[in-house]
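Examination of the molecular architecture
Here are the chains, one letter per residue:
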Amino acid sequence: MEKESILHKINKQKISYLFIALPALLFFVFQLAPVFISFFWSFTEYDVIHPPRFVGLSNYVNILFHDPLFWIAIRNTAVYVIGVVPIGICLSLILAVAIDQQIKFKNFFKSIFFLPTVTAIIAVSVIWKWLYAGEKYGLLNHLLMKLGFHPVDWLASPTWTLPSIMIMSVWAGVGYNMILFLAGLQTIPHVMYEAAEMDGAGFWKKFSHITLPLLKPTIVFVAMMSFIFSFQVFEQVYIMTSGQGGIGGVLNSGLTIVAYLYDKGFQKFQMGYASALAYIIFLMIFILTMINKRLMKTEVEY
Amino acid sequence: MAAHDIGIRKDSFTIKAFIYVFLIAGAVTMALPYVWMFVTSIKPLQEIQAYPPSFIVKNPTLEPYKDLFRMVPMIRYLFNSLFVAGSITLFNVFATSLAGYAFAKHKFWGRDKIFFIFLGSLMIPWQVNIIPGFVIVKNLGWLNTYRGLIIPAMAWCAFGIFLNRQYIYSIPDDLIDAARIDGCSEFMIYRKVILPLIKPVVATLAIFTFLQQWNNFVWPLVIIHTSNMRTIPLALAVLTGQFGANFAMVMAGAVIATLPMLVVYLLFQKYIIKGIAMTGVKG
């Protein structure tokens, strides 16, 4: 092997480059180059028809200081993330622990909670839009009234638009996180529970002293993933809030940051402005992920 | 899967009862929207408008499905989705395992740097790529074409390369060297030695890529503006906008969008659940 001729070496390298050539080329054209292109465009005014015109930092300045819609979108996105991520994590963790017990129909429960993960989010949104429909037809309102509550205007009311989308997103995401937690639970050594039981620990003691601390790496991972994922919520918003006057719902009460980017880029064709938005989103996700990482960084001891 | 049996001793009957109540309530909550979708899709108009809403259909009808196939080219949409998701999956599985082999077992100039760039791209949200992506596709004249739907989506291969590389890395070098001494070409080694050993990864990756692409919405939304080229999710979104008042027909569309993936899920359940646990990929 050591006395390989140079020719052979180059030849071998040639085949290696050949093996990565096609994905690398596509990756360069449609993934890597666009990252730089949109960075450049974020300093321009560009409507796709005319060539981009350099405007310096004005897109960023306008977004941050002169664009009330941007701040509405940020506020809505923050509410969405702060609501969906913790509630989703708690519910899926409880579900995972419940399914991990010695119960019957384990696989049935697992499958049914997992179902929305394999359903197109567009289909899920369309179904839920129908569930949220007005007083006369809406199933959810009917159930609410049967339980003695007042009917809610769901997607027709500025107060309820965002919560409606959040409820649906929790419903849709719970099974995916549950699977991750179930996998995490399998890594906890069984003997730890046995030892605790010998010491007379009950359900809650075991949950809070063994399961939670040992599951921490999984919880951190799930929190991080669902944070990044929720921050970019778009499809649900698109289906539930688009109608007359574009995307965002009544008084933009459902407008999230990615939906706003879509509106600017692909409905108003302000590509420079939308590129600047994209970079602001990128930066926010990056910084918040780093902060998350710091906050949650603790050693796990067995 | 071994149950951990937290606190389920003979005396903790209440906890077990509570768990069942919780799980059953949860299962009903999960099933309800699906059941309601299906029930609505076979209801005649009078029953949809009837109050109170009911889960029992007195006169079930296939009219909403017939309407759907009459009003929009559903067969074409199904074909579009299948063709687009299928081609991307085939390419992805083949190209990422081949590249993964090169990254794991070959030595070449720039290998680690190139791999690092691939990996780093996983951190970049799609919002950053999509605007130039759209303009590139437009300038290539690929708007409203299969090429436009398929080729840019093939570029999302970093995760697959990463996953394959990790698995191929753990294959012993001796196996590969032995094949080389036997005179196998590098491609033969990939096909005869590597590929059979990484079958589980390839299968998982294939299922996930297919699911993701079948359900993909944003990219088709951005580049498809003609009716004939729509994929199922895009068609469903347009349907909701156009015929939003015809709930039965829209729900029939939702059933058709949901059913194929349900079948895929039932067939490959084990791979899917294991795959998520293994990699944390999003379906």
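Parameters and conventions
- Residues numbered from 1 in each chain as written.
- Chains lettered and ligands numbered in written order.
- Predicted model: local features only at pLDDT ≥ 70, side-chain atom pairs only at ≥ 80, totals over all residues.
- Helix = DSSP H or I, 4+ residues; strand = E, 2+ residues; numbered from the N terminus.
- Rg over C-alpha atoms; globule rule 2.2 N^0.38 Å.
- Buried ≥ 20, exposed ≤ 12 C-beta atoms within 10 Å, placed from the backbone.
- Contact = placed C-beta atoms within 7 Å.
- Domains from an automatic or database assignment.
- Nonpolar A, V, L, I, M, F, W, Y, C, P; charged D, E, K, R; others polar.
- Core = buried A, V, L, I, M, F, W, Y, C linked by C-beta atoms within 7 Å.
- Axes fitted to C-alpha atoms, helices over the stretch in contact; angles between N-to-C directions.
- Parallel < 35°, antiparallel > 145°, perpendicular 65-115°, else oblique.
- Left-handed = near helix turned anticlockwise from the far one by under 90°.
- pLDDT = per-residue confidence, 0-100.

**As for the overall build of chain A**
Along chain A, the regular secondary structure elements total 13 helices and two strands. Its C-alpha radius of gyration of 25 Å places chain A more than 25% over the 19 Å reference for a compact globule of 302 residues. For the C-alpha atoms alone, the extent of chain A along its principal axes is close to 80 × 70 × 35 Å. Across the 302 residues in chain A, those meeting the buried criterion constitute 42%.

**Comments concerning the overall build of chain B**
Counting its regular elements, chain B contains 14 helices and zero strands. Ordered by position in the sequence, the α and β elements of chain B form the string α-α-α-α-α-α-α-α-α-α-α-α-α-α. Here the C-alpha atoms of chain B give a radius of gyration of 24 Å, more than 25% beyond the 19 Å that 2.2 N^0.38 yields for 283 residues. In terms of overall dimensions, chain B has C-alpha extents of about 75 × 70 × 35 Å along its principal axes. Put simply, chain B has 283 residues, and 43% of those count as buried. Put simply, of all contacts in chain B between residues at least 6 apart along the chain, 71% involve residues at least 24 apart.

**Structural notes on the domain arrangement of chain B**
As a measure of interface size, the accessible area lost when the parts come together is often cited. Residues and elements named next belong to chain B. Domain annotation of chain B identifies domain 1 (13–61) and domain 2 (66–279). Relative to domain 2, the C-alpha centre of domain 1 lies at a distance of 34 Å. With six residues of domain 1 at the contact, the number on the domain 2 side is six residues. For the side of domain 1 that touches domain 2, the residue count by class is three nonpolar, two polar and one charged.

**Let's talk about the interface of chain A and chain B**
Taken together, the contacts link 82 residues of chain A with 82 residues of chain B. Of all the elements, helix α1 (residues 6–41) of chain A adds the most residues to the side of chain A that touches chain B, at 20 residues. Partitioning the side of chain A that touches chain B into residue classes produces 60 nonpolar, 17 polar and five charged.

**Let's talk about the environment of Phe268 of chain B**
Residue and element names in this part refer to chain B. In this structure, Phe268 sits in helix α14 (residues 247–279). Given 20 C-beta atoms within 10 Å, Phe268 falls into the buried group. Once the C-alpha coordinates of Phe268 and Leu68 are considered, the two residues, 200 residues apart in sequence, prove to be 29 Å apart.

**With respect to the domain arrangement of chain A**
Residues and elements named next belong to chain A. What the domain assignment lists for chain A is domain 1 (6–54) and domain 2 (61–296). Each of domain 1 and domain 2 has a C-alpha centre, and the two are 34 Å apart. The partner domain 2 presents eight residues to the 10 residues of domain 1 that form the contact. At the level of secondary structure, the elements contributing two or more residues to the side of domain 1 that touches domain 2 comprise α1 and β1 (44–45). The element that contributes the greatest number of residues to the side of domain 1 that touches domain 2 is α1, accounting for three residues. Of the residues belonging to the side of domain 1 that touches domain 2, the class tally is five nonpolar, three polar and two charged.

**Examining the nonpolar core**
The biggest cluster of nonpolar side chains holds 161 residues, and the ones touching the most others in it are Leu277 of chain A together with Leu236 and Ala254 of chain B. Among the elements that line this core, the one with the most residues is α14 of chain B, at 16 residues. Not counting residues up to four positions away in its chain, the partners in contact with Ala254 of chain B are Ala123, Val126 and Ile127 of chain A together with Met37 and Leu236 of chain B.

**So, the environment of Gln102 of chain A**
All names here are of chain A. Following the sequence through the fold, Gln102 ends up in the loop between α3 (68–100) and α4 (106–118). Classification of Gln102 as partly exposed rests on a count of 13 C-beta atoms within 10 Å. Put simply, Gln102 and Leu32 are 70 residues apart on the chain and 49 Å apart in space, counted from C-alpha to C-alpha.

**A word on helix α12 (residues 257–267) of chain A**
Burial runs high along α12 of chain A: nine of the 11 residues are buried. Among all positions in α12 of chain A, only Ile257, Val258, Ala259, Tyr260, Leu261, Tyr262, Asp263, Lys264 and Gly265 of chain A are buried. Residues of α12 of chain A that are buried make contact with α3, α11 (235–241) and α13 (271–296) of chain A together with α6 (126–139) of chain B. Immediately downstream of α12 of chain A, the backbone of Phe269 of chain A shows phi near 50°, a positive value.

**Quick notes on the packing of helix α1 (residues 13–41) of chain B against α14 of chain B**
All names here are of chain B. One way to put it is that α1 packs onto α14 with a least axis distance of 7 Å and a crossing angle of 125°. Classed by the angle they form, the pair α1 and α14 counts as oblique. Like other packed secondary-structure pairs, α1 and α14 cross with a definite hand, here left-handed. Taken together, the residues of α14 that come into contact with α1 (itself represented by Met37, Phe38, Thr40 and Ser41) are Phe247, Ala248, Met251, Ala252, Ala254 and Val255. The residue inventory of the contact of α1 with α14, partitioned by class, reads eight nonpolar, two polar and no charged.

**Looking at the confidence of the model for chain B**
All names here are of chain B. Confidence along chain B averages 91 in pLDDT terms, with 95% of residues attaining 70 or more. Element-level pLDDT for chain B is lowest in helix α2 (residues 45–49), with a mean of 86, against a maximum mean of 97 in helix α7 (residues 146–154). As scored by the predictor, the complex reaches a pTM of 0.92 and an ipTM of 0.91.

**Looking at the environment of Phe113 of chain A**
Residue placement: Phe113 of chain A occurs in helix α4. Linking Phe113 of chain A and Gly254 of chain A, residues 141 residues apart in sequence, is a C-alpha distance of 26 Å. Every residue in contact with Phe113 of chain A, bar those within four places of it in the chain, is listed here: Leu95, Val174, Gly175 and Met178 of chain A together with Gly26 and Met30 of chain B.

**Considering unusual backbone geometry**
Residue Pro52 of chain B follows Tyr51 of chain B across a cis peptide bond; omega there is 0°. When you line up the elements, Pro52 of chain B lands in the loop between α2 and α3 (63–71). Even without a glycine there, the phi angle at Trp154 of chain A is positive, about 35°. Within the secondary structure layout, Trp154 of chain A lies in the loop between α6 (139–146) and α7 (161–186). Here Phe269 of chain A, not a glycine, exhibits a phi torsion of approximately 50°, which is positive. The topology assignment puts Phe269 of chain A in the loop between α12 and α13.

**Quick word on the packing of helix α2 (residues 58–66) of chain A against α13 of chain A**
Residue and element names in this part refer to chain A. Put simply, α2 and α13 touch, their axes get as near as 9 Å, and they point 70° apart. As the angle between them shows, α2 and α13 are arranged roughly perpendicular. Classified by chirality, the crossing of α13 by α2 is right-handed. Between α2 and α13, the contacting residues are Asn59, Tyr60 and Ile63 on the first element and Gly272, Tyr273, Ala276, Leu277 and Ile280 on the second. Across the contact of α2 with α13, the residue classes tally to six nonpolar, two polar and no charged.

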